[in-house]
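# Architecture at a glance
Listed below are the residues making up each chain.
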Amino acid sequence: LNNKNWLVSLIDKFQIFFVKGERATVFRTERGVRLQDLQGHIYQVVETFHTTGRVYWRCQYARRGDLKCKAKVHTTGEWIVNKSGLHNHEILSEI
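To keep things clear, this report deals only with the structure shown in the data block. Here the residue numbering is sequential within each chain, running from 1 through the sequence in written order. Under the rules for a predicted model, residues below a pLDDT of 70 receive no local features and side-chain atom pairs below 80 are neither given nor counted, while totals for whole chains, interfaces and linings still include all residues. Computation of side-chain values: all heavy atoms of the structure, hydrogens and water removed.

## Focus: the overall build of the protein chain
- Each helix and strand counted, the protein chain has 1 helix and 7 strands in total.
- N-terminal to C-terminal, the α/β element order of the protein chain is α-β-β-β-β-β-β-β.
- Contact definition: two residues touch when any of their heavy atoms are within 4.5 Å. For the protein chain, restricting intrachain contacts to residue pairs at least 6 apart in sequence, the fraction spanning at least 24 positions comes to 41%.
- Residue-level accessible areas treat just the shown protein chains as cover; the underlying method is Shrake-Rupley with a 1.4 Å probe. Looking at the protein chain as shown, the accessible area adds up to about 6300 Å², and 48% of this sits on carbon and sulfur atoms. In DSSP terms, a helix is any run of H or I states spanning at least four residues, a strand is any run of E spanning at least two, and both are numbered starting from the N terminus.

Written out as structure tokens, the structure reads:
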């Protein structure tokens, strides 16, 4: 399986019994796997760790020339377990 298919498979099968954090929504787009937090911000995959189930994400606007948003999260399963950086933009509907 490639990284994106593995990630979706992991999220479908991986169960967390005790994690403090925020539940996230993971979905697929034509551009790949995305994550949406409870506030509505969208993130894209940066790196996955198959052995731990940990996935690192960055804001979808991290590389956009006019924004370069620094917000990042990491998840275990479907739970956001850490957030860093602040979004420097409003919630935008374009994915």
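## Focus: the packing of aromatic side chains
- The aromatic pairing rule takes the rings of Phe, Tyr and Trp, using the six-membered ring of Trp, and pairs them if the centres are within 6.5 Å, calling planes under 30 degrees apart stacked, those over 60 edge-to-face and the rest tilted. Considering all chains together, one arrives at 1 aromatic pair under this definition.
- Here the aromatic rings of Phe49 and Tyr56 are separated by 5.8 Å at their centres, their planes lie at 80 degrees, and the arrangement is edge-to-face.

## Observations concerning a positive patch on the surface
- Patch criteria: residues need more than 30% relative accessible area and no salt bridge. Like-charged residues are merged within 9 Å; nonpolar side chains of Val, Leu, Ile, Met, Phe, Trp and Tyr are merged within 5 Å. Between Lys or Arg on one side and Asp or Glu on the other, a salt bridge is scored when a side-chain nitrogen of the former is within 4 Å of a carboxyl oxygen of the latter. Asp and Glu count as negative and Lys and Arg as positive, but His and the ends of the chain are not part of the count. We put the charge of a Lys on NZ, of an Arg on CZ, of an Asp on CG and of a Glu on CD. Taken together, the side chains of Arg63, Lys68, Lys70 and Lys72 present a region of like positive charge at the surface.
- Tracing the chain through its elements places Lys70 in the loop between strand 5 (54-59) and strand 6 (72-76).
- Working definition: with a 1.4 Å probe on protein chains only, accessible area under 20% of the residue-type maximum means buried, over 50% means exposed, and in between means partly exposed. Taking relative accessible area as the criterion, Lys70 reaches 61% and is therefore assigned exposed.

## Quick word on the pairing of strand 3 (residues 32-36)
- Within strand 3, 4 of the 5 residues are buried, which leaves the element mostly enclosed by the surrounding structure.
- At least two DSSP bridges between two strands are required for those strands to pair. In terms of strand pairing, strand 2 (residues 25-29) meets strand 3 through 5 bridges, oriented antiparallel. Of the residues in strand 3, the one forming a bridge with Thr29 is Gly32.
- In textbook terms, the turn of a hairpin is the stretch between consecutive antiparallel strands, and for strand 2 and strand 3 this stretch comprises 2 residues.

## Quick word on the sheet that holds strand 4 (residues 42-49)
- Spatially, 7 strands are ordered 1-7-6-5-4-3-2 in an open sheet, and the strand pairing comes out antiparallel. For this open sheet the edge positions go to strand 1 (22-23) and strand 2, each flanked by a neighbour on one side alone.

## Thoughts on the pattern of salt bridges
- Counted according to the given criterion, the structure contains 4 salt bridges.
- The residue Glu22 makes a salt bridge to Lys83 at a minimum N-O spacing of 3.3 Å. Taken together, the positions of Glu22 in strand 1 and Lys83 in strand 7 (residues 79-84) put the pair 61 residues apart, joining distant regions of the chain.
- Owing to a relative accessible area of 16%, Glu22 belongs among the buried residues under this scheme.
- For Asp66, the salt bridge is made with Arg64, and the minimal N-O distance between the two is 3.0 Å.
- A residue is classified by how much of its surface remains accessible, and Arg64, at 33% relative accessible area, is partly exposed.
- Connected through salt bridges with shared partners, the residues Glu22, Asp37 and Lys83 form a single ionic network.

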